[in-house]
Amino acid sequence: MKKIQIINGPNLNLLGKREPAVYGSATFESYLEKLRKAYPDCEISYYQSNIEGELINKIHEVGFNYAGIILNAGAYTHTSIALHDAIKSVETPVIEVHISNVHARESFRHHSMLSAACKGVIVGFGMDSYRLALEAFIASDKLDNLA
Ligand code: DQA
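Positions within a chain are numbered from 1, following the residues in the order the chain's sequence is written. Per-residue local features of the predicted model are confined to residues with pLDDT of at least 70, and side-chain atom pairs are confined, for both listing and counting, to 80 or more; whole-chain, interface and lining totals are unaffected and use all residues. Working from all heavy atoms in the structure, the side-chain values ignore hydrogens and water.

1. What to know about the side chain of K58
Going along the chain from the N terminus, every DSSP run of H or I of four or more residues is numbered as a helix, and every run of E of two or more is numbered as a strand. On the secondary structure map, K58 appears in helix α3 (residues 52–62). Using a relative accessible area of 13% as the deciding quantity, one classes K58 as buried. The contact definition used throughout considers only heavy atoms, calling two residues in contact when any of these lie within 4.5 Å. When neighbours within four sequence positions are excluded, K58 is seen to be in contact with Q5, I7 and Y47. For the exposure calls, accessible area comes from a 1.4 Å probe over protein chains only, and a residue counts as buried if that area is under 20% of its type's maximum, exposed if over 50%, partly exposed in between.

2. Observations concerning the site of the ligand
When at least one non-hydrogen atom of a residue lies within 4 Å of a molecule or strand, that residue is treated as near it. Around the ligand sit R18, Y23, N72, G74, A75, H78, H98, I99, S100, V102 and R109, and those are all the residues in its vicinity. Side-chain atoms alone can form a polar contact between residues adjacent in sequence; in general such a contact is a pair of N or O atoms within 3.5 Å, and within protein one must be able to donate a hydrogen while the other accepts it. For the ligand, an oxygen atom lies 2.8 Å from a polar atom in the side chain of N72. Contact distances for the ligand include 3.2 Å between an oxygen atom and a backbone N or O atom of A75. Of the grid points, spaced at 1 Å and generated over the protein atoms alone, those admitting a 1.4 Å probe that cannot get out make up cavities, while open sets with protein on both sides within 12 Å along at least five of seven lines make up pockets; any residue with an atom within 4 Å of a point is treated as lining. Grid points define the cavity or pocket, and a molecule sits in it when more than half of its atoms lie within 2 Å of them. More than half of the atoms belonging to the ligand lie within 2 Å of the grid points that define the largest pocket. The nonpolar class holds Ala, Val, Leu, Ile, Met, Phe, Trp, Tyr, Cys and Pro. Asp, Glu, Lys and Arg form the charged class, and all remaining residues, Gly among them, are polar. Partitioning the shell around the ligand into residue classes produces four nonpolar, five polar and two charged.

3. Some points on the layout of surface pockets
Grid points are joined across faces, edges and corners, and a volume is the space filled by probe spheres set on the points. Within this model, the largest pocket holds a volume of roughly 170 Å³. Along the walls of the largest pocket sit 15 residues, with R18, Y23, G74, A75 and R109 positioned nearest its centre. Here the residues of the lining of the largest pocket are counted per class, giving six nonpolar, six polar and three charged.

4. Points about unusual backbone geometry
Glycine aside, residues mostly have negative phi angles, and peptide bonds mostly take the trans form. In this structure, N11 is a non-glycine residue whose phi angle is positive, near 75°. You can see N11 is positioned in the loop between β1 (2–8) and α1 (20–23). Phi angles above zero are rare outside glycine, and E19 is one such case at about 35°. Inspection of the secondary structure assignment puts E19 in the loop between β1 and α1.

5. Re helix α4 (residues 81–89)
Residues of α4 that are buried: L83, H84, A86 and I87. Along the axis of α4, the buried positions cluster into a sector of 160°, meaning they face one direction only. Across from the buried face of α4, at angles greater than 90 degrees, the exposed residues are I81 and K88. Packed against the buried residues of α4 are α3, β3 (68–72) and β4 (94–98). Here, the arc refers to the directions that run from the helix axis to the C-beta atoms.

6. What to know about the environment of P10
Residue position: P10 is located in the loop between β1 and α1. In this structure, the C-alpha to C-alpha distance between P10 and S80, residues 70 residues apart in sequence, is 12 Å.

7. Quick look at the sheet that holds β4
The pairing criterion for strands is at least two bridges between them, as found by DSSP. On the basis of which strands lie adjacent, the open sheet formed by five strands has the order β2-β1-β3-β4-β5 and parallel pairing. The open sheet is flanked by β2 (42–48) and β5 (120–123), the only strands paired with a single partner. The mean inter-strand angle of the sheet, taken between neighbouring strand axes irrespective of direction, is 20°. Orientation is described by lines fitted to C-alpha atoms, with helices fitted over the stretch in contact, and by angles between N-to-C directions that extend from 0 to 180 degrees.

8. Structural notes on the nonpolar core
To qualify as a nonpolar core, a set must consist of buried Ala, Val, Leu, Ile, Met, Phe, Trp, Tyr and Cys residues joined through side-chain atoms within 4.5 Å. Among the nonpolar cores identified, the biggest contains 23 residues, and I6, F28, I44, I70, Y130 and L134 are the most heavily contacted of them. The set of elements that each furnish at least two residues to this core consists of β1, α2 (28–38), β2, β4 and α5 (128–146). When residues of this core are assigned to their parent elements, the largest contribution, five residues, is made by α5. Leave out the neighbours within four places in its chain, and F28 touches I6, N8, L15, Y46, M127 and Y130.

In short, geometric facts, not functional conclusions.
Pasting the structure below:
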C-alpha cells in the first residue's frame, strides 16, 4: 500500500462553508471519502491545521516514511520560508496543490514560497487538484512498471 499524506493548512477546515463561489460547496471530508474509495490501493492519511508550526511538525513526522505528501498550505503558501525549509528537510516528495487558480486572483497569491521546494504544483482544478496530485504520485510508477 502506497502511503500518501494530505496536509491542509489554514482555513481549509471551513471548505464547504468558506467562499463557496471560489472553493465549492463540498466539505473536504466528503471529498476524502470518495478519494479513498476511488484509490483503494493507497493509504491516504489526512491532517489539517491552522497553525504553521503544526504543519511543519506533520511534514517532519511523515517526511521520511511516506511515499508522497500533497500539501495545500493555504495562505502560508505565500508567506512561509519555514514551510519551504521543512519541505526541503525531508525525503518524501511534496506536491503543492491549490483548489482555486491562484494566478487568476489577487496578485499577493501569485507568488509561492513553496513551489521551488516541491516536486511539482497543481493549481486551479477545484477539489480535483488533490486527485491529480495523487495520480502524479501513482502515474510515475505506472510507466516504470511498463518498462
Ligand atoms: C488556496 C489559495 C490560497 O491563496 C488561499 O490563501 C487558500 C486556499 C487554494 O487552495 O486555492 O487558503 O491554497
